[in-house]
Amino acid sequence: MMKTVFGWPARALHWVMAAMIVAMLFIGVGMTATVSTWHEALLSLHRPLGAAVLALACLRLVVRLASRPPALPRDLPAWQKLAAHGSHVAMYALMIAMPLIGWAMLSAGGYPVTLAAGVTLPPIAPADAALFAWLRLAHRWLAYLFFLTFVAHFAAALYHGLIRRDGVLRAMIGKPRPPASTGAGQPFKFNTGK
């Protein structure tokens, strides 16, 4: 029997990380948009949340490699299948690269990466002002790329869930794809009055 839903570990990690990544994007924008007292509060959230995203992304990668995801619909055009696989590779790469670059950037700037309960991560890059500036720029541009990739991923989920109704979104929610014979799963058609 063909697998039609993701396992519960993959689903749990997906939704928890989706919430964390949305929070990180808003916190990051807030940090760069203000020099008020909010800046320090946002920074104190951004660092441990980034470390948590890195840890969960690594765990998520292990879960993804250990369990095969449901197949994409057979009638999905080849370019859309390629785009889906490419966007997933980009999402995994960014979920790991962004926190690592942020950690290296802080290390290069001589800033400690302090987590909850006073735990401080060791530096992973030498203190160097030029390296700090380069990593800061890389972190910013990758954040823009991450935002665009996230929006594309979200739009694709809506397309599959509301327009194609092909079970791709249902697979991550945990609901099996409906049998094709019931009429469910048919693409959405606009009523033109004809």
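Residues numbered from 1 in each chain as written. Predicted model: local features only at pLDDT ≥ 70, side-chain atom pairs only at ≥ 80, totals over all residues. Heavy atoms only, no water.

Colleague: Requested: an account of the overall build of the chain, with residues and values cited.
Modeller: Within the chain one finds five helices and two strands. When the helices and strands of the chain are placed in sequence order, the string is α-α-α-β-β-α-α. The contacts in the chain between residues at least 6 apart in sequence include a share of 65% that link residues at least 24 apart. (Helix = DSSP H or I, 4+ residues; strand = E, 2+ residues; numbered from the N terminus. Contact = heavy atoms within 4.5 Å.)

Colleague: Can you explain the nonpolar core? Please cite residues and give values.
Modeller: With 19 residues, the main nonpolar core has I21, M95 and F146 as its most contacted residues. Take this core: its biggest share by element is seven residues, from helix α1 (residues 8-33). Apart from residues no more than four positions distant in its own chain, M95 is found in contact with M17, I21, V53, L54, A57, R60 and F146. Counting residues in hydrophobic clusters, the runner-up holds 12 residues, among them I101, L106, V113 and L135. (Core = buried A, V, L, I, M, F, W, Y, C linked by side-chain atoms within 4.5 Å. Buried < 20%, exposed > 50% of the residue type's maximum accessible area, 1.4 Å probe, protein only.)

Colleague: Mind laying out the environment of M98, listing which residues take part and the relevant values?
Modeller: Within the secondary structure, M98 sits in helix α3 (residues 78-109). Sequence separation of M98 and L142 is 44 residues, and the distance between their C-alpha atoms is 6.9 Å. If we ignore the near neighbours within four places in the chain, the residues touching M98 are H139, L142, A143 and F146.

Colleague: Which residues make up the packing of aromatic side chains, and what are the values?
Modeller: On inspection of all chains with the given rule, the structure shows two aromatic pairs. Taking the centre distance of 5.9 Å and the plane angle of 55° together, the rings of Y111 and F132 count as tilted. Of this pair, Y111 sits in the loop between α3 and β1 (113-114) while F132 sits in helix α4 (residues 129-164), and the two are 21 residues apart along the sequence. Owing to a relative accessible area of 18%, F132 belongs among the buried residues under this scheme. Plain terms: the ring middles of W141 and Y144 are 5.2 Å apart, the flat faces sit at 80° to each other, and that makes the pair edge-to-face. Note that W141 and Y144 are positioned in helix α4 at a spacing of three residues, about one turn of the helix. Taking relative accessible area as the criterion, W141 reaches 54% and is therefore assigned exposed. (Phe/Tyr/Trp six-rings, centres within 6.5 Å; stacked < 30°, edge-to-face > 60°.)

Colleague: So what's going on with a nonpolar patch on the surface? Residues and values would help.
Modeller: Together, F154, L158, Y159, L162 and I163 make up a nonpolar patch on the protein surface, roughly 460 Å² of accessible area in all. Along the chain, L158 falls in helix α4. (Patch = residues over 30% accessible without salt bridge, like charges linked within 9 Å, V, L, I, M, F, W, Y side chains within 5 Å. Areas by Shrake-Rupley, 256 points an atom, 1.4 Å probe, with all protein chains shown as cover. Salt bridge = Lys/Arg side-chain N within 4 Å of Asp/Glu carboxyl O.)

Colleague: With reference to specific residues and values, describe the pattern of salt bridges.
Modeller: Where charged atoms from two side chains of opposite charge come close, those side chains can pair. Taken as a whole and judged by the stated rule, the model has two salt bridges. As a salt-bridge pair, D75 and R164 come within 2.7 Å of each other at their nearest N and O atoms. Of this pair, D75 sits in the loop between α2 (37-66) and α3 while R164 sits in helix α4, and the two are 89 residues apart along the sequence. Look at R164 and you get buried, because its relative accessible area is 12%. One salt bridge connects R164 with D166, and the closest N-O pair in it is separated by 2.6 Å. Salt bridges linked by common partners bring D75, R164 and D166 together as one network.

Colleague: Run through the UniProt feature "transmembrane region" (unreviewed entry) in the chain, naming residues and quoting values.
Modeller: Within this structure's numbering, the places UniProt gives as "transmembrane region" (unreviewed entry) are residues 12-36, 48-67, 87-106 and 141-162. Counted over residues 48-67, helix gives 95% and strand 0%. Its end C-alpha atoms are 28 Å apart. Helix makes up 100% of residues 141-162 and strand makes up 0%, while its end C-alpha atoms are separated by 31 Å. (UniProt positions renumbered as here; feature names shortened; annotations may be inferred.)

Colleague: Pulling in residues and values, what's your account of the environment of A125?
Modeller: By the secondary structure assignment, A125 is in the loop between β2 (120-121) and α4. Using a relative accessible area of 15% as the deciding quantity, one classes A125 as buried. For the pair A125 and A104, spaced 21 residues apart in the sequence, the C-alpha separation amounts to 5.2 Å.

Colleague: Can you lay out unusual backbone geometry for me, pointing to particular residues and giving the numbers?
Modeller: In this structure, R165 is a non-glycine residue whose phi angle is positive, near 50°. Within the secondary structure, R165 sits in the loop between α4 and α5 (168-173). With a relative accessible area of 40%, R165 lands in the partly exposed category.

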